[in-house]
Amino acid sequence: MAGGVTEGTVLAFDFGLRRIGVAVGNTFLKQAEPLQIIDAPTNDGKFAALSEVIAHWQPVLCVVGLPRHPDGTDHEMTVRCQRFANQLQGRFQVSTALVDERFSSAVLHGKRGERIDDAAAALILQQYFDENP
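The structure displayed is predicted, hence computed values, not measured ones.

1. Comments concerning the environment of Ala85
Looking at the element boundaries, Ala85 is found in helix H2 (residues 76-92). Separated by 13 residues in sequence, Ala85 and Leu98 place their C-alpha atoms 7.6 Å apart. If near-sequence neighbours (up to four positions away) are discounted, Ala85 is found in contact with Val64, Thr96 and Leu98.

2. Details of the packing of helix H1 (residues 43-57) against H2
Two numbers describe how H1 lies on H2: the axes approach to 12 Å, and their chain directions differ by 60°. One finds that H1 runs oblique with respect to H2. Handedness of the crossing formed by H1 with H2: right-handed. Counted together, Phe47, Leu50, Ser51 and Ile54 of H1 and Phe84, Gln87, Leu88, Arg91 and Phe92 of H2 form the full contact between these two elements. Of the residues assigned to the contact of H1 with H2, the class counts are six nonpolar, two polar and one charged.

3. Some points on the pattern of salt bridges
Per the counting criterion, the structure on display carries four salt bridges. The salt bridge partner of Asp117 is Arg19, with a shortest N-O separation of 2.9 Å. Residue Asp117 is located in helix H4 (residues 117-131), and its partner Arg19 is located in strand E2 (residues 19-26); the two are separated by 98 residues in the primary sequence.

4. Quick look at the environment of Asp74
As for its placement among the helices and strands, Asp74 is situated in the loop between strand E4 (61-66) and H2. Among the residues examined, Asp74 registers a relative accessible area of 41% and is labelled partly exposed. When neighbours within four sequence positions are excluded, Asp74 is seen to be in contact with Arg68 and His69. There is a polar contact of 2.3 Å between the side chain of Asp74 and the side chain of Arg68.

About the cut-offs
Residues numbered from 1 in each chain as written. Predicted model: local features only at pLDDT ≥ 70, side-chain atom pairs only at ≥ 80, totals over all residues. Heavy atoms only, no water. Helix = DSSP H or I, 4+ residues; strand = E, 2+ residues; numbered from the N terminus. Contact = heavy atoms within 4.5 Å. Axes fitted to C-alpha atoms, helices over the stretch in contact; angles between N-to-C directions. Parallel < 35°, antiparallel > 145°, perpendicular 65-115°, else oblique. Left-handed = near helix turned anticlockwise from the far one by under 90°. Nonpolar A, V, L, I, M, F, W, Y, C, P; charged D, E, K, R; others polar. Salt bridge = Lys/Arg side-chain N within 4 Å of Asp/Glu carboxyl O. Buried < 20%, exposed > 50% of the residue type's maximum accessible area, 1.4 Å probe, protein only. Polar contact = N/O pair within 3.5 Å; in protein donor to acceptor, adjacent residues only side chain to side chain.

Here it is as structure tokens:
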């Protein structure tokens, strides 16, 4: 795997203020699958759920989608996602990678009220796999 990542499970996250989409894949098959949506009202609740997911899957890498404006410039969520990736690495001692997710949401067409956060996380993970053959 590129970047010195050990073979094994990879988790990806589509971070949002309300929900966090989670996807799973591995470095052998390099195919991403939606896993779940973490929906907790507090940061403590989100990190408790994340702790369970990470303990269960024991990932060798966590990938976090990095949103940007279409022209590539940062916005408020860019900084929040970078902070989230740093928190994953610090709390769970797992390597993290950031993936530009500018165009991933354009591929998904959710109906109003439909939750597609896990599918967005799968797109982010698949993009990571495709960019790191």
